[in-house]
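Coordinates in review
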Amino acid sequence: FVPWLGWRGEPYAADEGELDWRQYAASRNPESGVLLSANNDVRAHVDGVASDKALPIVTLHMGEDRAERIDALLKGAAARLTAADCEAMLADTHVNFAPPLLDILAPMLAERTDNASRLLREWDGRAESDSVGCTVFHRVHDALHARFTARAFGDAAWTELATRTPIVADFLSHFNRLLLADGVLHAPGECDSNLRVAAAAALDALAGQELLPWGAEKSFVMKNIMFSGDELPAELGFESAPIAMDGASCTVVQGALVNVHGRATNWGQSFRFVSDLAENVARSTMPGGPSGRRLSPLYQSNTEDWVKRRYKHMIL
């Protein structure tokens, strides 16, 4: 295997020699004491100054939401982080892009008395599986993108991107910046009023609808790669029970269910690992089990601990 140079449309030739690592953004012993990478543009965090060097690994980052939230948690933490602090950080579901949008919608929400608006006003801003307010927020948020962001692509193209590709889920942070930018998708000076009118219409459309908790909206099943419910009844146990997913596309706990050209898929924190280098202990949790044999008690022995974020401790 050789790297594919996407910008040139050709493979990397062996006679070109090794790639020079110095052309990529890097950081060593930063003054902040923190090395932070969360699918974001790490060039903005190299030794506290912006770098004009190339991005390592990826050519288009996923935005700053997760990195900004992690940075805020680190700055607000105690002087000495513990492994338990890091486990809590891995469980953080704060929706970083929600406060700016809700600040814009606040005057409109304050005047409404319907149930959906009340749920949105009282929402704590977290994408927890039992939160109905999170469901309302994302219904309104999706409607705003369908109303305004779709203008840049055309309604049919936007629907295809949002429902049959991972592009919107992967790069939602970028689309959110466009949505809230005055003079981009909105005429100058009209962004806030446009969003309030469209959000009010989206809330009106929710009247009379059953509003389920976020986890019910984001429930998924882990399937056996050889046998799924299409071939065998779910009662045979090859699949997991439905799992309510925490998090959203831009939270520290990433959680997205997407359709990729007709194939249902999801992504999130499958493997969680925490280690304090002052201890000889590694903490980890992952779904499934160490056996692929359906009748083995180890087939799904880790799944419940993974769902409940219980870590096993390995003495090294």
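Anyway, here's the lowdown on the structure attached to this text.

Thresholds applied
Residues numbered from 1 in each chain as written. Predicted model: local features only at pLDDT ≥ 70, side-chain atom pairs only at ≥ 80, totals over all residues. Heavy atoms only, no water. Axes fitted to C-alpha atoms, helices over the stretch in contact; angles between N-to-C directions. Helix = DSSP H or I, 4+ residues; strand = E, 2+ residues; numbered from the N terminus. Parallel < 35°, antiparallel > 145°, perpendicular 65-115°, else oblique. Left-handed = near helix turned anticlockwise from the far one by under 90°. Contact = heavy atoms within 4.5 Å. Nonpolar A, V, L, I, M, F, W, Y, C, P; charged D, E, K, R; others polar. Expected span 1.5 Å × (residues − 1). Buried < 20%, exposed > 50% of the residue type's maximum accessible area, 1.4 Å probe, protein only. Pairing = 2+ DSSP bridges. Salt bridge = Lys/Arg side-chain N within 4 Å of Asp/Glu carboxyl O. Phe/Tyr/Trp six-rings, centres within 6.5 Å; stacked < 30°, edge-to-face > 60°.

**What about the packing of helix 3 (residues 98-110) against helix 4 (residues 115-122)?**
- In the contact formed by helix 3 and helix 4, the axes pass within 11 Å of each other and the chain directions differ by 135 degrees. On the basis of their axis angle, the class for helix 3 and helix 4 is oblique. Here helix 3 and helix 4 pass one another in a crossing that is left-handed. Here Leu 102, Leu 109 and Ala 110 of helix 3 lie close against helix 4, whose contacting residues are Ser 117, Leu 120 and Arg 121.
- A breakdown of the residues in the contact of helix 3 with helix 4 according to their chemical character gives 4 nonpolar, 1 polar and 1 charged.

**Examining unusual backbone geometry**
- Its identity as a non-glycine residue notwithstanding, Asn 39 has a phi of 60 degrees, on the positive side.
- Within the element layout of this structure, Asn 39 appears in the loop between strand 2 (10-11) and helix 1 (65-75).
- We note that Arg 309 has phi near 60 degrees; this positive angle belongs to a residue other than glycine.
- Position of Arg 309 among the secondary structure elements: in the loop between helix 11 (303-307) and strand 9 (312-315).

**As for helix 9 (residues 191-206)**
- With 16 residues, helix 9 should cover 22 Å at 1.5 Å per step; its first-to-last C-alpha distance of 23 Å lies within 8% of that length.
- Among all positions in helix 9, only Cys 191, Asn 194, Leu 195, Ala 198, Ala 199, Ala 200, Ala 202, Leu 203 and Leu 206 are buried.
- Of the surrounding secondary structure, the elements contacted by the buried residues of helix 9 are helix 3, helix 4, helix 5 (132-147) and helix 8 (172-179).
- Gly 208 occupies a position one or two residues after helix 9 and carries a positive phi of about 85 degrees.

**Description of the sheet that holds strand 7 (residues 272-275)**
- The strand order across the open sheet built from 3 strands is 7-8-9, with neighbouring strands paired in antiparallel fashion. Each edge of the open sheet is held by one strand with a lone partner, namely strand 7 and strand 9. Pairwise comparison of adjacent strand axes, ignoring direction, gives a mean angle of 25 degrees for this sheet.
- Looking at chain direction, strand 7 and strand 8 (residues 281-285) are connected through 4 bridges and run antiparallel. Its bridge partner lying in strand 8, Phe 273 is registered against Ser 284.
- Of the strands in this sheet, strand 7 and strand 8 are in contact with helix 2 (residues 83-90), which crosses strand 7 at around 155 degrees.

**Comments concerning the pattern of salt bridges**
- As enumerated under the stated definition, the model contains 14 salt bridges in all.
- As a salt-bridge pair, Glu 217 and Arg 139 come within 2.9 Å of each other at their nearest N and O atoms. One end of the pair, Glu 217, is in helix 10 (residues 214-217); the other, Arg 139, is in helix 5, and 78 residues separate them in sequence.
- Judged by its relative accessible area of 31%, Glu 217 is partly exposed.
- Exposure remark for Arg 139: the relative accessible area of 27% places this residue in the partly exposed category.
- Measuring nitrogen to oxygen at the nearest pair gives 3.7 Å for the salt bridge that ties Glu 304 to Arg 310.
- The partly exposed category is assigned to Glu 304, whose relative accessible area is 46%.
- Counted as one network, the salt bridges with shared partners bring together Glu 304, Asp 305, Lys 308 and Arg 310.

**A short note on the packing of aromatic side chains**
- Counted by the stated rule, this structure contains 6 aromatic pairs.
- Here the aromatic rings of Phe 97 and Phe 137 are separated by 5.8 Å at their centres, their planes lie at 35 degrees, and the arrangement is tilted. One end of the pair, Phe 97, is in the loop between helix 2 and helix 3; the other, Phe 137, is in helix 5, and 40 residues separate them in sequence. Each member of the pair, Phe 97 as well as Phe 137, carries the same accessibility label: buried.
- The interplanar angle of 40 degrees and the centroid separation of 5.6 Å between the aromatic rings of Phe 153 and Trp 158 together place this pair among those described as tilted.
- Trp 158 sits in the buried class, given a relative accessible area of 6%.
- Within the aromatic cluster, the residues linked to one another by ring pairs are Phe 97, Trp 123 and Phe 137.

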